[in-house]
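So the chains spell out like this:
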Amino acid sequence: MASLHVKRGDEVVVISGAERGKRGKVMGFVANKSRVLVEGVRLIKKAVRKNQSQPEGGIIEKEGSLPISNVMLASRYDSSKRRKASKK
């Protein structure tokens, strides 16, 4: 796998797509699809059966994946022209 511009624990900003402008920390990667999981971004609902970790089952919210090309390091985003141009 090629080296990535973000790593687990980095704070990132979503720069394109429906979630544009949201910030969060990188939770993990889906390596074979070049996607990233960002905390609090792209929440999806999933039905879960009763099991040991979910004793009541039901519907839970969890993070969905985003293409890695749609995220940028927050520090780099804050210092970029893109941020300065959007303020105008």
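Summarised in this report is the structure supplied together with it. All figures in this text were calculated on a predicted structure; none of them were measured in a lab.

## A word on unusual backbone geometry
Line of reasoning, step 1. Non-glycine residue Ser 34 carries a positive phi angle of around 55°.
Line of reasoning, step 2. Structurally, the position occupied by Ser 34 is in the loop between strand 2 (23-30) and strand 3 (35-38).
Line of reasoning, step 3. The backbone phi angle of Arg 42 is positive, close to 55°, even though this residue is not glycine.
Line of reasoning, step 4. Positionally, Arg 42 belongs in the loop between strand 3 and strand 4 (43-48).
Line of reasoning, step 5. Of the residues examined, Arg 42 reaches a relative accessible area of 34% and is grouped as partly exposed.

## Some words on the pairing of strand 3
Here is the key point about a regular strand: its side chains alternate between the two faces of the sheet.
Line of reasoning, step 1. Residues of strand 3 alternate between two faces, with Val 36 and Val 38 buried on one and Arg 35 and Leu 37 left unburied on the opposite face.
Line of reasoning, step 2. Pairing of strand 2 with strand 3, which is carried by four bridges, proceeds in the antiparallel orientation. Looking at the pairing, Val 26 lines up with Val 38 of strand 3.
Line of reasoning, step 3. Where strand 2 hands over to strand 3, the hairpin turn is made up of four residues, of which Ser 34 adopts a positive phi near 55°.

## With respect to the side chain of Asp 10
Line of reasoning, step 1. Tracing the backbone shows Asp 10 in the segment before strand 1 (11-14).
Line of reasoning, step 2. Buried charge Asp 10 goes without a salt bridge, the closest partner of opposite sign being Lys 7 at 5.0 Å.
Line of reasoning, step 3. Engagement of the side chain of Asp 10 in a polar contact is seen with the backbone nitrogen of Lys 7, the distance being 2.9 Å.
Line of reasoning, step 4. The residues contacting Asp 10, other than those within four sequence positions of it, are Gly 24, Lys 25, Val 26 and Leu 73.

## A closer look at the nonpolar core
Line of reasoning, step 1. Among the nonpolar cores identified, the biggest contains 10 residues, and these are Val 6, Val 12, Val 14, Val 26, Val 36, Val 38, Val 41, Leu 66, Ile 68 and Val 71.
Line of reasoning, step 2. If you list the elements that add at least two residues to this core, you get strand 1 and strand 3.
Line of reasoning, step 3. If we ignore the near neighbours within four places in the chain, the residues touching Val 71 are His 5, Val 12, Val 13, Val 14, Ile 15, Val 36, Val 38 and Leu 66.

## Side note on the pattern of salt bridges
Line of reasoning, step 1. Scanning the model with the defined rule gives three salt bridges in all.
Line of reasoning, step 2. One salt bridge connects Arg 23 with Glu 11, and the closest N-O pair in it is separated by 3.6 Å. Linking Arg 23 in strand 2 with Glu 11 in strand 1, this pair joins segments that are 12 residues apart in sequence.
Line of reasoning, step 3. What makes Arg 23 partly exposed here is its relative accessible area of 36%.
Line of reasoning, step 4. Of the residues examined, Glu 11 reaches a relative accessible area of 40% and is grouped as partly exposed.
Line of reasoning, step 5. Three or more residues joined by partner-sharing salt bridges are found here, namely Glu 11, Arg 23 and Asp 78.

Conventions adopted
- Residues numbered from 1 in each chain as written.
- Predicted model: local features only at pLDDT ≥ 70, side-chain atom pairs only at ≥ 80, totals over all residues.
- Heavy atoms only, no water.
- Helix = DSSP H or I, 4+ residues; strand = E, 2+ residues; numbered from the N terminus.
- Buried < 20%, exposed > 50% of the residue type's maximum accessible area, 1.4 Å probe, protein only.
- Pairing = 2+ DSSP bridges.
- Lys, Arg positive; Asp, Glu negative; His and termini not counted.
- Salt bridge = Lys/Arg side-chain N within 4 Å of Asp/Glu carboxyl O.
- Polar contact = N/O pair within 3.5 Å; in protein donor to acceptor, adjacent residues only side chain to side chain.
- Contact = heavy atoms within 4.5 Å.
- Core = buried A, V, L, I, M, F, W, Y, C linked by side-chain atoms within 4.5 Å.

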